[in-house]
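Each chain, letter by letter, is given below.
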Amino acid sequence: MKIIMLGAPGAGKGTQAKKIAQKYGIPHISTGDIFRANIKNNTELGKKAKTYMDKGLLVPDELTVDLVIDRVGQEDCKNGYILDGFPRTIPQAESLDAALEKMGEKVDFAVNVEVPDENIVNRMSGRRACVGCGATYHIKYNAPKTEGICDVCGEKLILRDDDQPETVLKRLGVYHDQTQPLIDYYAKAGVLKEVDGTVDMEDVFQAIVSVLGE
Ligand code: AP5
(Lines give C-alpha, C1' and ligand atoms only; values in the text may rest on other atoms or scores of the structure.)
Protein backbone atom coordinates (compact mmCIF):
# COMPACT_ATOMS: atom_id res chain seq x y z
CA MET A 1 0.00 0.00 0.00
CA LYS A 2 1.48 3.35 -1.09
CA ILE A 3 0.12 6.18 1.00
CA ILE A 4 0.71 9.93 0.90
CA MET A 5 -0.05 12.14 3.89
CA LEU A 6 -1.32 15.62 3.03
CA GLY A 7 -2.08 18.47 5.40
CA ALA A 8 -0.85 21.82 6.67
CA PRO A 9 2.30 22.08 8.78
CA GLY A 10 1.33 20.80 12.22
CA ALA A 11 -1.82 19.03 11.01
CA GLY A 12 -0.53 15.82 12.57
CA LYS A 13 0.91 14.10 9.48
CA GLY A 14 4.00 12.86 11.28
CA THR A 15 2.09 11.72 14.37
CA GLN A 16 -0.31 9.68 12.27
CA ALA A 17 2.22 8.47 9.67
CA LYS A 18 4.29 6.78 12.42
CA LYS A 19 1.23 4.94 13.73
CA ILE A 20 0.08 3.89 10.26
CA ALA A 21 3.58 2.66 9.35
CA GLN A 22 3.59 0.54 12.49
CA LYS A 23 0.10 -0.85 11.93
CA TYR A 24 0.62 -1.80 8.28
CA GLY A 25 4.32 -2.76 8.64
CA ILE A 26 5.54 -0.32 5.98
CA PRO A 27 8.36 2.26 6.09
CA HIS A 28 7.59 5.84 7.15
CA ILE A 29 9.44 8.22 4.86
CA SER A 30 9.46 11.83 6.07
CA THR A 31 11.36 14.36 3.96
CA GLY A 32 11.39 16.74 6.93
CA ASP A 33 13.06 14.06 9.09
CA ILE A 34 15.58 13.28 6.31
CA PHE A 35 16.52 16.96 6.04
CA ARG A 36 16.74 17.36 9.85
CA ALA A 37 19.02 14.29 10.08
CA ASN A 38 21.25 15.83 7.40
CA ILE A 39 21.32 19.15 9.28
CA LYS A 40 22.28 17.34 12.49
CA ASN A 41 25.09 15.50 10.68
CA ASN A 42 26.21 18.73 9.00
CA THR A 43 26.10 17.25 5.48
CA GLU A 44 26.16 19.35 2.30
CA LEU A 45 22.45 18.56 1.77
CA GLY A 46 21.73 19.56 5.38
CA LYS A 47 23.57 22.89 5.02
CA LYS A 48 21.62 23.74 1.86
CA ALA A 49 18.23 22.55 3.24
CA LYS A 50 18.67 24.55 6.47
CA THR A 51 18.85 27.88 4.65
CA TYR A 52 15.34 27.27 3.26
CA MET A 53 13.80 25.52 6.27
CA ASP A 54 14.81 28.25 8.73
CA LYS A 55 12.93 30.76 6.58
CA GLY A 56 9.82 28.56 6.34
CA LEU A 57 10.42 27.99 2.61
CA LEU A 58 10.36 24.73 0.68
CA VAL A 59 13.67 23.09 -0.13
CA PRO A 60 14.05 23.25 -3.95
CA ASP A 61 12.69 20.30 -5.92
CA GLU A 62 16.14 19.44 -7.32
CA LEU A 63 17.36 18.66 -3.78
CA THR A 64 14.21 16.74 -2.86
CA VAL A 65 12.74 14.71 -5.72
CA ASP A 66 15.63 12.33 -6.56
CA LEU A 67 16.18 11.64 -2.88
CA VAL A 68 12.59 10.39 -2.48
CA ILE A 69 12.46 8.53 -5.81
CA ASP A 70 15.67 6.70 -4.79
CA ARG A 71 14.25 5.89 -1.37
CA VAL A 72 10.96 4.41 -2.64
CA GLY A 73 12.94 2.18 -5.02
CA GLN A 74 14.67 0.43 -2.10
CA GLU A 75 13.97 -3.16 -1.10
CA ASP A 76 12.03 -2.35 2.09
CA CYS A 77 9.51 -0.33 0.04
CA LYS A 78 8.44 -3.33 -2.09
CA ASN A 79 5.21 -3.82 -0.12
CA GLY A 80 4.45 -0.12 0.19
CA TYR A 81 5.35 2.93 2.26
CA ILE A 82 3.91 6.07 3.72
CA LEU A 83 5.22 9.39 2.45
CA ASP A 84 5.01 12.22 5.00
CA GLY A 85 5.78 15.70 3.66
CA PHE A 86 6.25 14.62 0.04
CA PRO A 87 5.01 15.56 -2.48
CA ARG A 88 4.58 19.20 -1.55
CA THR A 89 4.31 20.77 -5.00
CA ILE A 90 2.55 19.74 -8.22
CA PRO A 91 5.93 19.15 -9.97
CA GLN A 92 6.96 16.83 -7.09
CA ALA A 93 3.70 14.89 -7.47
CA GLU A 94 4.17 14.62 -11.24
CA SER A 95 7.76 13.39 -10.81
CA LEU A 96 6.60 10.77 -8.30
CA ASP A 97 3.80 9.60 -10.61
CA ALA A 98 6.20 9.37 -13.55
CA ALA A 99 8.71 7.35 -11.51
CA LEU A 100 6.00 5.02 -10.18
CA GLU A 101 4.57 4.51 -13.65
CA LYS A 102 7.99 3.29 -14.84
CA MET A 103 7.86 0.70 -12.03
CA GLY A 104 4.27 -0.25 -12.98
CA GLU A 105 3.00 1.19 -9.69
CA LYS A 106 0.78 4.04 -8.50
CA VAL A 107 -0.23 5.92 -5.35
CA ASP A 108 -3.08 4.04 -3.63
CA PHE A 109 -4.25 6.66 -1.12
CA ALA A 110 -3.62 10.35 -0.43
CA VAL A 111 -4.90 11.07 3.08
CA ASN A 112 -5.61 14.74 3.78
CA VAL A 113 -5.58 15.58 7.49
CA GLU A 114 -7.74 18.68 7.69
CA VAL A 115 -6.95 21.25 10.45
CA PRO A 116 -7.91 24.95 10.18
CA ASP A 117 -5.12 27.55 10.31
CA GLU A 118 -6.31 28.93 13.66
CA ASN A 119 -5.46 25.62 15.40
CA ILE A 120 -2.04 25.33 13.80
CA VAL A 121 -0.01 28.02 15.59
CA ASN A 122 -1.19 26.70 18.96
CA ARG A 123 -0.16 23.17 18.01
CA MET A 124 3.26 24.22 16.80
CA SER A 125 4.11 26.39 19.80
CA GLY A 126 3.36 23.39 22.05
CA ARG A 127 5.26 20.85 19.98
CA ARG A 128 8.55 19.53 21.35
CA ALA A 129 10.93 17.41 19.27
CA CYS A 130 13.64 15.08 20.51
CA VAL A 131 17.18 16.06 19.48
CA GLY A 132 18.15 12.38 19.55
CA CYS A 133 15.48 10.27 17.81
CA GLY A 134 13.15 12.94 16.42
CA ALA A 135 10.08 11.74 18.38
CA THR A 136 7.49 14.50 18.76
CA TYR A 137 5.36 15.49 21.71
CA HIS A 138 2.93 18.23 22.61
CA ILE A 139 3.16 19.90 26.02
CA LYS A 140 -0.65 19.68 26.41
CA TYR A 141 -2.01 16.94 24.11
CA ASN A 142 0.82 14.40 24.15
CA ALA A 143 3.20 15.30 26.97
CA PRO A 144 6.35 13.27 27.74
CA LYS A 145 6.47 11.43 31.09
CA THR A 146 9.25 13.77 32.31
CA GLU A 147 9.13 17.38 31.17
CA GLY A 148 11.78 18.16 28.54
CA ILE A 149 13.01 14.54 28.22
CA CYS A 150 12.20 12.06 25.44
CA ASP A 151 10.30 8.94 26.61
CA VAL A 152 11.88 6.88 23.83
CA CYS A 153 15.62 7.67 24.09
CA GLY A 154 16.04 9.97 27.11
CA GLU A 155 17.50 12.87 25.08
CA LYS A 156 16.51 16.53 25.42
CA LEU A 157 13.28 17.92 23.88
CA ILE A 158 13.40 21.25 22.04
CA LEU A 159 11.15 23.67 20.14
CA ARG A 160 12.09 23.23 16.45
CA ASP A 161 13.75 26.33 14.89
CA ASP A 162 10.97 26.47 12.29
CA ASP A 163 8.23 26.33 14.96
CA GLN A 164 8.74 29.97 15.99
CA PRO A 165 5.34 31.68 15.42
CA GLU A 166 6.55 33.97 12.58
CA THR A 167 8.09 31.02 10.71
CA VAL A 168 4.93 28.96 11.22
CA LEU A 169 2.87 31.73 9.58
CA LYS A 170 5.30 31.77 6.64
CA ARG A 171 5.05 27.97 6.34
CA LEU A 172 1.26 28.18 6.36
CA GLY A 173 1.37 30.70 3.49
CA VAL A 174 3.70 28.43 1.52
CA TYR A 175 1.39 25.50 2.24
CA HIS A 176 -1.68 27.31 0.86
CA ASP A 177 0.18 28.51 -2.26
CA GLN A 178 2.17 25.43 -3.19
CA THR A 179 0.90 22.33 -1.39
CA GLN A 180 -2.87 22.73 -1.04
CA PRO A 181 -3.36 22.35 -4.86
CA LEU A 182 -2.32 18.70 -4.35
CA ILE A 183 -5.72 18.05 -2.73
CA ASP A 184 -7.39 18.62 -6.13
CA TYR A 185 -4.61 16.76 -7.90
CA TYR A 186 -5.22 13.59 -5.90
CA ALA A 187 -9.01 14.04 -5.94
CA LYS A 188 -8.84 13.99 -9.75
CA ALA A 189 -6.68 10.86 -9.55
CA GLY A 190 -9.48 9.25 -7.48
CA VAL A 191 -7.26 8.42 -4.46
CA LEU A 192 -8.05 11.29 -2.06
CA LYS A 193 -9.37 10.49 1.44
CA GLU A 194 -10.22 13.32 3.84
CA VAL A 195 -10.14 13.06 7.64
CA ASP A 196 -10.87 15.58 10.38
CA GLY A 197 -7.55 16.30 12.12
CA THR A 198 -9.01 18.47 14.89
CA VAL A 199 -10.20 15.60 17.07
CA ASP A 200 -8.18 13.52 19.53
CA MET A 201 -5.06 11.83 18.02
CA GLU A 202 -6.46 8.33 18.54
CA ASP A 203 -9.75 9.29 16.84
CA VAL A 204 -7.81 10.72 13.88
CA PHE A 205 -5.93 7.42 13.67
CA GLN A 206 -9.14 5.36 13.72
CA ALA A 207 -10.62 7.58 10.98
CA ILE A 208 -7.53 6.99 8.81
CA VAL A 209 -7.60 3.22 9.39
CA SER A 210 -11.25 3.22 8.42
CA VAL A 211 -10.60 5.00 5.09
CA LEU A 212 -7.58 2.78 4.30
CA GLY A 213 -9.36 -0.44 5.24
CA GLU A 214 -8.03 -3.15 7.55
P1 AP5 B 1 8.16 18.81 7.78
O2 AP5 B 1 8.95 18.26 8.88
O3 AP5 B 1 7.51 17.88 6.80
O4 AP5 B 1 7.13 19.82 8.40
P5 AP5 B 1 5.59 20.10 8.09
O6 AP5 B 1 4.94 19.51 6.92
O7 AP5 B 1 5.54 21.56 8.15
O8 AP5 B 1 4.91 19.31 9.15
P9 AP5 B 1 5.27 19.23 10.62
O10 AP5 B 1 6.31 18.20 10.88
O11 AP5 B 1 5.55 20.61 11.14
O12 AP5 B 1 3.87 18.83 11.22
P13 AP5 B 1 3.03 17.49 11.14
O14 AP5 B 1 1.85 17.67 10.22
O15 AP5 B 1 3.89 16.29 10.89
O16 AP5 B 1 2.45 17.51 12.60
P17 AP5 B 1 2.89 16.68 13.92
O18 AP5 B 1 2.44 15.27 13.79
O19 AP5 B 1 4.31 16.93 14.26
O20 AP5 B 1 9.04 19.80 6.91
C21 AP5 B 1 9.84 20.80 7.50
C22 AP5 B 1 10.49 21.63 6.40
O23 AP5 B 1 11.31 20.77 5.54
C24 AP5 B 1 9.52 22.31 5.42
O25 AP5 B 1 9.08 23.54 5.91
C26 AP5 B 1 10.43 22.45 4.19
O27 AP5 B 1 11.32 23.53 4.32
C28 AP5 B 1 11.24 21.17 4.20
N29 AP5 B 1 10.62 20.11 3.39
C30 AP5 B 1 10.13 18.91 3.87
N31 AP5 B 1 9.63 18.19 2.85
C32 AP5 B 1 9.78 18.93 1.72
C33 AP5 B 1 9.45 18.72 0.36
N34 AP5 B 1 8.81 17.61 -0.06
N35 AP5 B 1 9.75 19.69 -0.53
C36 AP5 B 1 10.38 20.81 -0.15
N37 AP5 B 1 10.72 21.08 1.14
C38 AP5 B 1 10.42 20.15 2.06
O39 AP5 B 1 1.93 17.40 14.97
C40 AP5 B 1 2.15 18.76 15.32
C41 AP5 B 1 1.91 18.93 16.85
O42 AP5 B 1 0.54 18.73 17.13
C43 AP5 B 1 2.68 17.90 17.71
O44 AP5 B 1 3.09 18.51 18.89
C45 AP5 B 1 1.64 16.79 17.98
O46 AP5 B 1 1.90 16.13 19.21
C47 AP5 B 1 0.35 17.62 18.03
N48 AP5 B 1 -0.80 16.89 17.51
C49 AP5 B 1 -0.85 16.03 16.45
N50 AP5 B 1 -2.11 15.55 16.26
C51 AP5 B 1 -2.89 16.16 17.22
C52 AP5 B 1 -4.28 16.08 17.56
N53 AP5 B 1 -5.13 15.32 16.87
N54 AP5 B 1 -4.70 16.85 18.59
C55 AP5 B 1 -3.84 17.65 19.30
N56 AP5 B 1 -2.52 17.74 19.04
C57 AP5 B 1 -2.05 17.01 18.01
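About the criteria used
Residues numbered from 1 in each chain as written. Predicted model: local features only at pLDDT ≥ 70, side-chain atom pairs only at ≥ 80, totals over all residues. Heavy atoms only, no water. UniProt positions renumbered as here; feature names shortened; annotations may be inferred. Helix = DSSP H or I, 4+ residues; strand = E, 2+ residues; numbered from the N terminus. Contact = heavy atoms within 4.5 Å. Buried < 20%, exposed > 50% of the residue type's maximum accessible area, 1.4 Å probe, protein only. Salt bridge = Lys/Arg side-chain N within 4 Å of Asp/Glu carboxyl O. Disulfide = S-S within 2.5 Å. Pairing = 2+ DSSP bridges. Axes fitted to C-alpha atoms, helices over the stretch in contact; angles between N-to-C directions. Phe/Tyr/Trp six-rings, centres within 6.5 Å; stacked < 30°, edge-to-face > 60°. Lys NZ or Arg CZ within 6 Å of the ring centre and 35° of its normal. Arc of directions from axis to C-beta.

Participant: For this particular structure, what's the right way to read the UniProt feature "binding site: Zn(2+)" (unreviewed entry) in the protein chain?
Facilitator: Residues annotated in UniProt with the feature "binding site: Zn(2+)" (unreviewed entry) correspond here to C130, C133, C150 and C153. What stands out for the annotated residues spanning 24 residues is how close their C-alpha atoms remain, the widest pair being 8.5 Å apart. With respect to the secondary-structure elements, C133 resides in the loop between strand 5 (127-130) and strand 6 (136-138). When sequence neighbours within four positions are dropped, the list of residues in contact with C133 reads C150, V152 and C153. Inspection of the secondary structure assignment puts C150 in the loop between strand 6 and strand 7 (157-158). On the basis of relative accessible area, C150 is assigned to the buried category, the value being 3%. Apart from the residues lying within four places of it in its own chain, the contact partners of C150 are C130, C133, A135, Y137, E155 and L157.

Participant: Please explain the pattern of salt bridges as it appears in this structure.
Facilitator: Oppositely charged side chains may form a pair once their charged atoms are brought near each other. Scanning the entire structure with this criterion turns up 12 salt bridges. In this structure, the salt-bridge partner of D54 is K50, at a minimum N-O distance of 2.7 Å. Linking K78 and E75 is a salt bridge whose minimum nitrogen-to-oxygen distance equals 3.5 Å. Within this structure, R127, R160, D162, D163 and R171 form a network of salt bridges that share partners.

Participant: What is the right way to read the state of the cysteines from this model?
Facilitator: Each disulfide consists of a covalent bond between the sulfur atoms of two cysteine residues. Applying the stated rule across the entire model yields zero disulfides. Free cysteine C130: the closest other cysteine sulfur is in C153, separated by 3.4 Å. The class for C130 is buried, based on a relative accessible area of 6%. The thiol of C133 is not disulfide-bonded; the next cysteine sulfur, from C150, is found 3.7 Å away.

Participant: What's the story with the sheet that holds strand 6 in this structure? I'm lost.
Facilitator: As a general point, the strands of a sheet are linked pairwise by backbone hydrogen bonds and lie either parallel or antiparallel. Strand order across the open sheet formed by three strands is 6-5-7, with antiparallel pairing between neighbours. Each edge of the sheet is formed by a strand with only one pairing partner; in this case those strands are strand 6 and strand 7. Inspection of the sheet shows strand 5 paired to strand 6 by three bridges, in the antiparallel sense. Directly across from A129, in strand 6, lies its bridge partner T136. Contacts from helix 6 (residues 117-126) reach strand 5 and strand 6 within the one sheet, and its direction differs from that of strand 5 by about 40°.

Participant: Which parts of the structure should I look at to understand the packing of aromatic side chains?
Facilitator: Centre-to-centre distance and the angle between the planes together describe a pair of aromatic rings. Counted according to the given criterion, the structure contains one aromatic pair. Pairing Y185 with Y186 gives two aromatic rings, centres 5.0 Å apart and planes at 80°, and the pair type is edge-to-face. Taking relative accessible area as the criterion, Y186 reaches 1% and is therefore assigned buried. Between K19 and the ring centre of F205, over which it is positioned, the NZ or CZ distance is 4.8 Å.

Participant: Just to check I follow, could you spell out helix 6 for this structure?
Facilitator: An α-helix turns once per 3.6 residues; consequently, residues spaced three or four apart project the same way. Those residues of helix 6 that fall on the buried side of the exposure criterion are I120, R123, M124 and G126. Buried residues of helix 6, viewed axially, fall in a sector of 160°; they line one side. For helix 6, the elements touching its buried residues are strand 5, strand 6 and helix 7 (165-179).

Participant: Quick question: what am I supposed to make of the UniProt feature "binding site: AMP" (unreviewed entry) in the protein chain here?
Facilitator: According to UniProt, the "binding site: AMP" (unreviewed entry) feature falls on T31, R36, L57, L58, V59, G85, F86, P87, R88, Q92, R160 and R171. Across 141 residues, the annotated set is spatially dispersed, with a maximum C-alpha separation of 24.9 Å. Mapping P87 onto the fold places it in the loop between strand 3 (81-84) and helix 5 (90-102). Discounting chain neighbours no more than four positions away, the residues touching P87 are I4, L6, Q92, A93, L96, L182 and Y186.

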